[in-house]
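Spelled out, the chains give:
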Amino acid sequence: YSSVDKLKCVLKESIIKYWAKLLLNYTYDYIDYHISTSPTPPPFEIPHVCFIEAGVALGYGQCSASSKPGEKSNTKAGTVSAVYLLEEHIVFDDNQEFTKFIHNMDYIHTFSQ
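Just so you know, these numbers come straight off a predicted model, no measurement behind them.

Draft legend 1. Expanded view of the overall build of the protein chain. Of the regular secondary structure elements, the protein chain holds 1 helix and 2 strands. The order of α-helices and β-strands along the protein chain, N terminus first, is α-β-β. Buried positions account for 8% of the 113 residues belonging to the protein chain. Counting contacts in the protein chain only where the partners sit at least 6 residues apart, residues at least 24 apart contribute 60% of the total. Total accessible area on the protein chain is roughly 9,800 Å²; 59% of this is exposed by carbon and sulfur atoms.

Draft legend 2. Quick look at the side chain of S14. Along the chain, S14 turns up in helix α1 (residues 3–37). Look at S14 and you get buried, because its relative accessible area is 19%. Contacts of S14, omitting those with residues within four sequence positions, involve V56 and L85.

Draft legend 3. The arrangement of the environment of K17 in detail. With respect to the helices, strands and loops of the structure, K17 is situated in helix α1. For K17, a relative accessible area of 25% gives the class partly exposed. Note: C-alpha distance between K17 and A54 (37 residues apart in sequence) is 7.8 Å. Excluding residues within four positions of it along the chain, K17 makes contact with A54, L85 and E87.

Draft legend 4. Main features of α1. Taking 1.5 Å as the rise per residue, α1 with 35 residues should run 51 Å; its terminal C-alpha atoms sit 51 Å apart, in good agreement. Within α1, burial applies to C9, V10, E13, S14, L24 and Y28.

Draft legend 5. A look at the packing of aromatic side chains. Under the defined criterion, the tally for this structure stands at 1 aromatic pair. Ring centres 6.0 Å apart and planes at 85° place the aromatic pair Y18 and W19 in the edge-to-face group. Among the residues examined, W19 registers a relative accessible area of 51% and is labelled exposed. The lysine or arginine in question, K6, covers the ring of Y84, its NZ or CZ lying 6.0 Å from the ring centre.

Draft legend 6. Here's a closer look at the environment of C9. Structurally, C9 is set in helix α1. C-alpha of C9 to C-alpha of V83: the two residues are 74 residues apart in sequence and 9.7 Å apart in space.

Draft legend 7. Expanded view of the pattern of salt bridges. Tallying each qualifying case throughout the model produces 2 salt bridges. Salt-bridge contacts for E53 lead to K21; the nearest nitrogen and oxygen are separated by 2.1 Å. Of this pair, E53 sits in the loop between α1 and β1 (54–64) while K21 sits in helix α1; the two residues are 32 residues apart in sequence, bridging distant segments of the chain. Overall, K21 belongs to the partly exposed group, its relative accessible area being 22%.

Scoring rules and cut-offs
- Residue positions are given per chain, counting from 1 as you read along its sequence in written order.
- A pLDDT threshold of at least 70 governs which residues receive local features in this predicted model, and a stricter bar of 80 or more applies before side-chain atom pairs are shown or counted, although totals over entire chains, interfaces and linings include all residues.
- With hydrogens and water set aside, each side-chain value is computed from the structure's full complement of heavy atoms.
- What counts as a helix is a DSSP run of H or I of at least four residues, what counts as a strand is a run of E of at least two, and both are numbered from the N terminus.
- Any residue under 20% of the maximum accessible area for its type is buried, any over 50% is exposed, and the rest in between are partly exposed; the area is computed with a 1.4 Å probe on protein chains only.
- Any two residues whose heavy atoms approach within 4.5 Å are treated as being in contact.
- The protein chains shown are the only cover counted for residues, whose accessible areas, like all others here, come from Shrake-Rupley with a 1.4 Å probe.
- One less than the residue count of a helix, multiplied by 1.5 Å, gives the span that helix is expected to have.
- Here a pair means two rings of Phe, Tyr or Trp (six-membered ring of Trp) with centres within 6.5 Å. Their orientation is stacked below 30 degrees between planes, edge-to-face above 60, and tilted elsewhere.
- Whether a charge sits over a ring depends on NZ of Lys or CZ of Arg being within 6 Å of the ring centre and within 35 degrees of the ring normal.
- For salt bridges, the criterion is a side-chain nitrogen of Lys or Arg within 4 Å of an Asp or Glu carboxyl oxygen.

Structural data, given as structure tokens:
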């Protein structure tokens, strides 16, 4: 993929993660509100899951536009040379339990297919 195409895919994925996290938080706020106003607690335990924190990182480089060896080059600063989706590293104590519910086994972005 070109840097422009990769940037589009990574930005789309980060926006989806952002909205999914907002909707999940809204859902838990709604549940918590109704539990607090109910005279009795629910007869079952409500699991609390979360989305990882994530962000977009752009690597900037310099691009030389020289066509001949030894000729003074026209250097363009600030050209995006790499695009990354950074995801939270999960750290927990040995006595804590961790269950991963969702995993995309395909390492190729499905947004471009």
